[in-house]
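In case you want the letters, here they are:
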Amino acid sequence: MGGDKQDMIDQIPEQLVMINEPAVQGVIAIHSTARGPAAGGCRLWHYDDIATLTTDAIRLARGMSYKNALADLPLGGGKAVLQLPKGHFDRKAAFEAFANAISRLGGQYITAEDVGTTVNDMKIVRETTPFVAGLTNDGQSDKAGGDPSPWTARGVFASIDAAARMVLGSDLRGQTVAVQGVGNVGTYLCQLLHEAGARLIVADIDERKAQTVSTLFGARMSTIEDILSVEVDILAPCALGGVLNAQSIPQIKARLVCGAANNQLARPEDGEALMARDIVYAPDYVVNAGGIINASAEYLGETTQQVEARINAIAPRLIDILVQSRAGSTPTNRIADAMAGAILRDSSRQMCDNAA
Ligand code: NAI
């Protein structure tokens, strides 16, 4: 089958559940349950209309299937996207309504935090349904759990560190890193980069967050317009998706792009555009798997040691992809997609064989 056709088929979700309640509107997209229940966080963000929101949910859900497959988790991929109401809204009622929708799916979808949602929101969800991770752990045992963001940051940091050695030929001491978005993950990442001796440039639409990181870690502040094109060695997109596109790619000065944001490439072809400019792109869902690894371990009752072992495998996996990319002159995103797609198709075949 042709690559484009296969790509279109691979995007089709198994199930789309619309949430249209007085307290909240949104979508739960279940991309695949071939490897287990569809797991992926809940995003609360403003979208112009429900079509744009749904398209984003479908793309994010497929990203989760690929991420979970490559991280070797016994999980499929899904995502919930909720429309952030303008102005004040009843947050508790919104997450209760969301929890009811999850409940009705009977365990086919497991949620956790994502952009715009917090540990507290997940606690509200937990009052109604058990199909949620990312809650605070008790701090008493070695059981995994709690906020996924520091774990995501650890995987991204290890990836930046390993890729910098390969691409830039040195460790992070003295390297300049631009971080777009210093929210939950971005802030932890800045701390790790700072401790490793990197120099930071940061931007956030919420200037207070950028200011805090600047004070804590000596980061220089940039504008949100300039952050992608500043003169740096490494660019770490840690805000929203679609930032690597036809407008931004020609402006990027960094030689390595490696960050936490999901769906950084606006289109798969942007992987070719980056490669043509000799910019090495670390596929987002390969390097940002730390959060779901921790959430999955919490859900499955695993320990933090098991989480650490899985997170330690992220950077070597990335290097394997970078090596294959160099050897075959193929963009890194194409290599990662091919690897993940093959794992998923294999799992689907096994599921069909077992059902037969
Ligand atoms: P967050 O909501 O805490 O942080 C995102 C930050 O980006 C916010 O501070 C926001 O003000 C800022 N922002 C938004 N648009 C911006 C722009 N155009 N320029 C500069 N700043 C902008 O979200 P979080 O949890 O830190 O996630 C960041 C990214 O990483 C998201 O794409 C998310 O899907 C992804 N991710 C997060 C994981 C986690 O464990 N939290 C796991 C895997 C991926």
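Thresholds applied
- One numbering rule holds for all chains: residues counted from 1, following each sequence as written.
- For a predicted model such as this one, the threshold for reporting local features is a pLDDT of at least 70, and the threshold for listing and counting side-chain atom pairs is 80 or more; totals across whole chains, interfaces and linings nevertheless cover every residue.
- For side-chain calculations, the full set of non-hydrogen atoms in the structure is used, while hydrogens and water are omitted.
- One side-chain nitrogen of Lys or Arg within 4 Å of one carboxyl oxygen of Asp or Glu is enough to make a salt bridge.
- To qualify as a helix, a DSSP run of H or I must reach at least 4 residues; to qualify as a strand, a run of E must reach at least 2; elements of each kind are numbered from the N terminus.
- Note on exposure labels: buried denotes an accessible area under 20% of the residue type's maximum, exposed denotes more than 50%, and partly exposed covers the range between, all computed with a 1.4 Å probe on protein chains only.
- Grid spacing is 1 Å over the protein atoms alone, the probe is 1.4 Å, and a cavity is where that probe fits but cannot get out, while a pocket is an open set with protein on both sides within 12 Å along at least five of seven lines and lining residues have an atom within 4 Å of a point.
- Grid points are joined across faces, edges and corners, and a volume is the space filled by probe spheres set on the points.
- Expected helix span is computed as 1.5 Å times (number of residues minus one).
- Note on definitions: angles span 0 to 180 degrees between N-to-C directions of axes, and those axes are lines fitted to C-alpha atoms, for helices only across the stretch in contact.
- Roughly parallel means an angle under 35 degrees; roughly antiparallel, over 145; roughly perpendicular, 65 to 115; everything else is oblique.
- In what follows, a contact means two residues having at least one pair of non-hydrogen atoms within 4.5 Å.
- The residue classification treats Ala, Val, Leu, Ile, Met, Phe, Trp, Tyr, Cys and Pro as nonpolar and Asp, Glu, Lys and Arg as charged. All others, Gly included, are polar.
- Throughout, the term near means that a residue has one or more heavy atoms lying within 4 Å of the molecule or strand in question.
- Polar contacts, as used here, are pairs of N or O atoms within 3.5 Å; protein pairs need one atom able to donate a hydrogen and one able to accept it. Residues neighboring in sequence count only if both atoms are side-chain atoms.
- To measure how exposed things are, a 1.4 Å probe is used in the Shrake-Rupley method; for residues, cover is taken only from the protein chains shown.
- Grid points define the cavity or pocket, and a molecule sits in it when more than half of its atoms lie within 2 Å of them.
- Every crossover in which the path from the first strand over the helix to the second runs clockwise, viewed with the strands pointing away from the viewer, is termed right-handed.
- We treat two strands as partners when DSSP finds at least two bridges between them.
- Classification of ring pairs rests on two measures: the distance between centres of Phe, Tyr or Trp rings, Trp counted by its six-membered ring, which must be within 6.5 Å, and the angle between planes, read as stacked under 30 degrees, edge-to-face over 60 and tilted in between.

### Observations regarding the pattern of salt bridges
Then, in step 1: Summed over the entire model, instances satisfying the criterion amount to 14 salt bridges.
Then, in step 2: A salt bridge links Arg 43 to Asp 56; its shortest N-O distance comes to 3.8 Å. Remark: Asp 56 occurs in helix α2 (residues 50-70) and Arg 43 occurs in strand β4 (residues 42-45); sequence separation between them is 13 residues.
Then, in step 3: Arg 43 gets classed as buried once you look at its relative accessible area, which sits at 5%.
Then, in step 4: Residue Asp 56 is classed as buried on the basis of its relative accessible area of 18%.
Then, in step 5: Linking Glu 269 and Arg 267 is a salt bridge whose minimum nitrogen-to-oxygen distance equals 3.4 Å.

### A closer look at empty space enclosed by the protein
Then, in step 1: Summed over all chains, the structure comprises one cavity of 30 Å³ or more.
Then, in step 2: Of the volumes computed, that of the largest cavity is approximately 50 Å³.
Then, in step 3: What lines the largest cavity is simply Ala 39, Gly 40, Leu 75, Ile 110, Thr 111, Ala 112, Ala 133, Ile 292, Ala 295, Ser 296 and Tyr 299.
Then, in step 4: Among the elements that line the lining of the largest cavity, the one with the most residues is helix α10 (residues 290-300), at four residues.

### As for helix α5 (residues 149-167)
Then, in step 1: Taking 1.5 Å per residue, 19 residues should reach 27 Å; α5 reaches 26 Å between its end C-alpha atoms and fits that length.
Then, in step 2: Backbone geometry just downstream of α5 places Gly 169 in the positive-phi region, at approximately 75 degrees.

### Observations regarding the packing of α2 against helix α13 (residues 332-355)
Then, in step 1: At their nearest, the axes of α2 and α13 sit 9 Å apart, and the two run at 80 degrees to each other. Judged by the angle between their axes, α2 and α13 are roughly perpendicular. Note on element contacts: α13 touches α2 through Ala 336, Asp 337, Met 339, Ala 340, Gly 341, Ile 343 and Leu 344, opposite Ser 65, Tyr 66, Ala 69 and Leu 70.
Then, in step 2: Looking at side-chain class alone, the contact of α2 with α13 contains eight nonpolar, two polar and one charged residues.

### Details of the site of the ligand
Then, in step 1: By nearness alone, 24 residues border the ligand, and Thr 152, Asp 204, Lys 209, Ala 239 and Asn 262 come closest of all.
Then, in step 2: A distance of 2.9 Å separates an oxygen atom of the ligand from a polar atom in the side chain of Arg 43.
Then, in step 3: Contact between the ligand and Thr 152: an oxygen atom at 2.6 Å from a side-chain N or O atom of the residue.
Then, in step 4: Here the ligand loses 89% of its free accessible area of 830 Å² to cover by the protein chains.
Then, in step 5: Among the cavities detected, the one that contains the ligand is the largest pocket.
Then, in step 6: Considering only residue class, the shell around the ligand consists of 10 nonpolar, nine polar and five charged.

### A closer look at the pairing of strand β7 (residues 176-180)
Then, in step 1: Along β7, five of the five residues are buried, which leaves the element largely enclosed by surrounding structure.
Then, in step 2: For the handedness criterion, the β-α-β arrangement of β7, helix α6 (residues 184-195) and strand β8 (residues 199-203) is classed as right-handed.
Then, in step 3: Both β7 and strand β10 (residues 234-237) contribute to a ladder of four bridges, which runs parallel. In the sheet register, Val 177 faces β10, and the bridge partner there is Ile 234.

### A few points about the sheet that holds β8
Then, in step 1: The strand order across the open sheet built from six strands is β9-β8-β7-β10-β11-β12, with neighbouring strands paired in parallel fashion. On the outer flanks of this sheet lie β9 (220-221) and β12 (280-281), each paired with one strand and no other.

### Side note on the packing of aromatic side chains
Then, in step 1: On inspection of all chains with the given rule, the structure shows two aromatic pairs.
Then, in step 2: Note on Tyr 66 and Tyr 285: the rings are 5.8 Å apart at their centroids and 70 degrees apart in plane angle, and the pair reads as edge-to-face. On the criterion of sequence distance, the pair formed by Tyr 66 in helix α2 and Tyr 285 in helix α9 (residues 284-287) is long-range, its members being 219 residues apart.
Then, in step 3: Here Phe 95 and Phe 98 contribute two aromatic rings whose centre-to-centre distance is 6.2 Å and whose plane-to-plane angle is 85 degrees, an arrangement assigned as edge-to-face.

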